[in-house]
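Structure assessment
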Amino acid sequence: MKREKKNNSLKYITRRLFRTQMVLILTLAIFLGGAGTLLNIYHENQKRDQNLINIAEAIAQSPLIQQEDTAVLEEYLDSLKESLQDIDVISIINLDGTRRYHSTHNLIGSVYDGTMPHFPADVQSYTANDEGPSGTQRRAYAAIYDQNGNYHGFVIAVMLMSNIREQ
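The sections below set out a description of the structure shown in this document. Within each chain, residue numbers correspond to sequence positions counted from 1 in written order. Under the rules for a predicted model, residues below a pLDDT of 70 receive no local features and side-chain atom pairs below 80 are neither given nor counted, while totals for whole chains, interfaces and linings still include all residues. In computing side-chain values, all of the structure's heavy atoms are included and hydrogens and water are not.

**A closer look at the overall build of the chain**
A tally of helices and strands in the chain yields three helices and five strands. Order of helices (α) and strands (β) in the chain, N terminus to C terminus: α-α-β-β-β-β-β-α. Only the C-alpha atoms count toward the radius of gyration. The rule for a globule is 2.2 Å times the residue count to the power 0.38. Relative to a compact globule of 167 residues, whose C-alpha radius of gyration would be 15 Å, the chain shows 27 Å and is clearly more extended. Here the C-alpha coordinates of the chain stretch approximately 100 × 30 × 25 Å along the principal axes. Within the span of the chain, comprising 167 residues, buried residues form 31% of the whole. Across the chain, the fraction of contacts at a sequence separation of at least 24, relative to all contacts at a separation of at least 6, is 46%. Helix and strand assignments come from DSSP, with helices taken as H or I runs of at least 4 residues and strands as E runs of at least 2, each series counted from the N terminus. For each residue, the accessible area found with a 1.4 Å probe, counting protein chains only, is set against the maximum for its type, and the residue is called buried under 20%, exposed over 50%, and partly exposed in between. Any two residues whose heavy atoms approach within 4.5 Å are treated as being in contact.

What follows is the structure, given as structure tokens:
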């Protein structure tokens, strides 16, 4: 009788340990999977923002921005936009708020009525979420300066949130 009780008790303890181990393993797997997914999303967002900033800054620092010939600027930015699959909109806004360039050509020359960026002395570009005619957007703003360091406007590089969600 004692032996039977001992065996039952040992089986009970063994089963209990096995269940506890399984719960711990499953909990750890779920936790690590969730943490890994969150880290991946965070890093993808960082890479996307850096990509937007790189494009906006490259355009803002391009010598073509300083030229008066808008045909050359349009041709360059149109070909750039075509080669950048992730970028939905590129826009250049002058100091007076006039769109000097926009991916949608009928907006060139119109007044920009969106969020006006603020560039403190040590910041030349940044990213932000904003609303536009196409919906919610992730934007990179980059300041345009001439050779003397005078502010002349800004560049916006845009990815639509609807396209970001698809990715």
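This is not the end of the story, as more comes after the structure.
**Side note on the pairing of strand β2 (residues 99–102)**
The pairing of strand β1 (residues 89–94) with β2 spans three bridges and is antiparallel. If you follow serine 91 over to β2, its bridge partner there is histidine 102. Whether two strands pair depends on DSSP finding at least two bridges between them. Between β1 and β2, which pair antiparallel in sequence order, lie four residues; one of them, glycine 97, sits at a positive phi of approximately 90°.

**Side note on the side chain of aspartate 146**
Turning to its location among the elements, aspartate 146 is positioned in the loop between β4 (135–145) and β5 (151–160). When charges are counted, Lys and Arg contribute as positive and Asp and Glu as negative, whereas His and the chain ends are disregarded. Salt bridges, as used here, are contacts in which a Lys or Arg side-chain nitrogen is within 4 Å of a carboxyl oxygen on Asp or Glu. As a buried residue without a salt bridge, aspartate 146 has its nearest oppositely charged side chain in arginine 100, at a separation of 11 Å. By the criterion applied in these results, polar contacts are pairs of N or O atoms within 3.5 Å in which, for protein atoms, one can donate a hydrogen and the other can accept it, and in which residues neighboring in sequence qualify only through two side-chain atoms. A distance of 2.8 Å separates a polar side-chain atom of aspartate 146 from the backbone nitrogen of asparagine 150. Reaching out from aspartate 146, the side chain makes a polar contact with the side chain of histidine 152 at a distance of 2.9 Å. Those residues in contact with aspartate 146 that lie beyond four places of it in its chain are Gln66 and His152.

**Some thoughts on a positive patch on the surface**
A patch is a set of surface residues, each over 30% in relative accessible area and not in a salt bridge, joined within 9 Å for like charges and within 5 Å for the nonpolar side chains Val, Leu, Ile, Met, Phe, Trp and Tyr. Per-residue and other accessible areas were derived by the Shrake-Rupley procedure at a 1.4 Å probe size, with only the shown protein chains allowed to occlude residues. The location of each charge is read from NZ of Lys, CZ of Arg, CG of Asp or CD of Glu. A cluster of basic side chains, namely Lys11, Arg15, Arg16 and Arg19, defines a positive patch on the protein surface. As for its position among the elements, arginine 16 is in helix α1 (residues 2–60).

**Observations concerning a nonpolar patch on the surface**
Taken together, Tyr12, Ile13 and Leu17 make up a surface patch of nonpolar side chains, about 330 Å² in accessible area. Tracing the backbone shows leucine 17 in helix α1.

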